[in-house]
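# Results of the structural survey
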Amino acid sequence: MRYWPYAVAVAIAAADRASKHLVETRLAPWDVIRVVPGYFQIVSTRNTGIAFSLFDNSAAGHTSPWLIAFSVCVLGVVAYLLWQAVRPEPAQDVPANWSYRVALGLILGGAAGNLYDRLFFGTVTDFLDFYWGTSHFPVFNVADSAITCGAILIALNLLFFHTKSKAQA
């Protein structure tokens, strides 16, 4: 039962790949489906950078080998942290609450989803476009959303749960 965060990671990676596959097979590049006019649309784009198109290297047309190596390292660190968190007797400095495990599962699944794209396609498919008028938030995908939610959960854990456990010691 303690391995359920890995199921979260697999579910996120599968949902990410399935949603990208739908966009890749049903939309041509830069095709747009307006979902909520003036606020949200689905647009087919490719990204060679990291989340929210940071460090995008579109001129090269593919993801940098350094970015792939960095992604593999991040995936390894998150997998290690998750393994430490689900052990029968986690290390003393590892948060033991469920939200920390969920956070790591979200990040692991999101990182795996985007790494899959980088390795097999050279770019990552992004398609969720939130905007207001002519101001657009960077286009992103399910994996980016999971990574962001996981990072927020880890920050909340550090603020609220981790400090309580140290104060009680």
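Residues numbered from 1 in each chain as written. Predicted model: local features only at pLDDT ≥ 70, side-chain atom pairs only at ≥ 80, totals over all residues. Heavy atoms only, no water.

Turning our eyes to something else, we now look at unusual backbone geometry. For residues other than glycine, phi is negative in most cases, and the peptide bonds are mostly trans. Of note in this structure, W30 is not a glycine but carries a positive phi near 70 degrees. Secondary-structure assignment places W30 in the loop between α1 (4-26) and β1 (32-36). (Helix = DSSP H or I, 4+ residues; strand = E, 2+ residues; numbered from the N terminus.)

With that settled, the discussion passes to the side chain of S19. Residue position: S19 is located in helix α1. On the accessibility criterion, S19 (15% relative accessible area) is buried. A polar side-chain atom of S19 sits 2.9 Å from the main-chain carbonyl oxygen of D16. Once you skip the residues sitting within four places of it in the chain, S19 turns out to touch F127 and V142. (Buried < 20%, exposed > 50% of the residue type's maximum accessible area, 1.4 Å probe, protein only. Polar contact = N/O pair within 3.5 Å; in protein donor to acceptor, adjacent residues only side chain to side chain. Contact = heavy atoms within 4.5 Å.)

Attention shifts here to the environment of K20. By secondary structure assignment, the location of K20 is in helix α1. Overall, the relative accessible area of 0% leaves K20 in the buried class. As a C-alpha pair, K20 and V142 span 122 residues in sequence and 8.5 Å in three-dimensional space. Excluding residues within four positions of it along the chain, K20 makes contact with G113, N114, D117, V124, T125, F127 and N141. A polar contact is formed between the side chain of K20 and the side chain of D117, at a distance of 3.1 Å.

One finds L75, V78, L82, L104 and L108 to be the most contacted residues of the largest nonpolar core, which totals 13 residues. Every element with two or more residues in this core is listed here: α2 (65-86) and α3 (98-121). For L82, the contacting residues outside a window of four places in its chain are P5, Y6, R101, L104, G105 and L108. L27, F40, L128 and F140 belong to the second largest nonpolar core, which has six residues in total. (Core = buried A, V, L, I, M, F, W, Y, C linked by side-chain atoms within 4.5 Å.)

With that settled, consider α2. End to end, α2 covers 32 Å across 22 residues, agreeing with the expected 32 Å (1.5 Å per residue, within 8%). Every buried residue of α2 is accounted for by L67, I68, S71, L75, V78, L82, Q84, A85 and V86. Looking at the buried positions of α2, the neighbouring elements they touch are α1 and α3. (Expected span 1.5 Å × (residues − 1).)

Attention now moves to the packing of aromatic side chains. Throughout the structure, instances matching the rule amount to seven aromatic pairs. Centroid distance Y116 to F120: 4.5 Å. Interplanar angle 35 degrees. Geometry classified as tilted. Pair noted here: Y116 and F120 are both in helix α3, with a separation of four residues, about one helical turn. You can call Y116 partly exposed: its relative accessible area is 37%. When its relative accessible area of 55% is taken as the criterion, F120 is described as exposed. Consider the rings of F137 and F140, whose centres lie 6.0 Å apart with planes at 90 degrees: the pair is edge-to-face. Using a relative accessible area of 44% as the deciding quantity, one classes F137 as partly exposed. (Phe/Tyr/Trp six-rings, centres within 6.5 Å; stacked < 30°, edge-to-face > 60°.)

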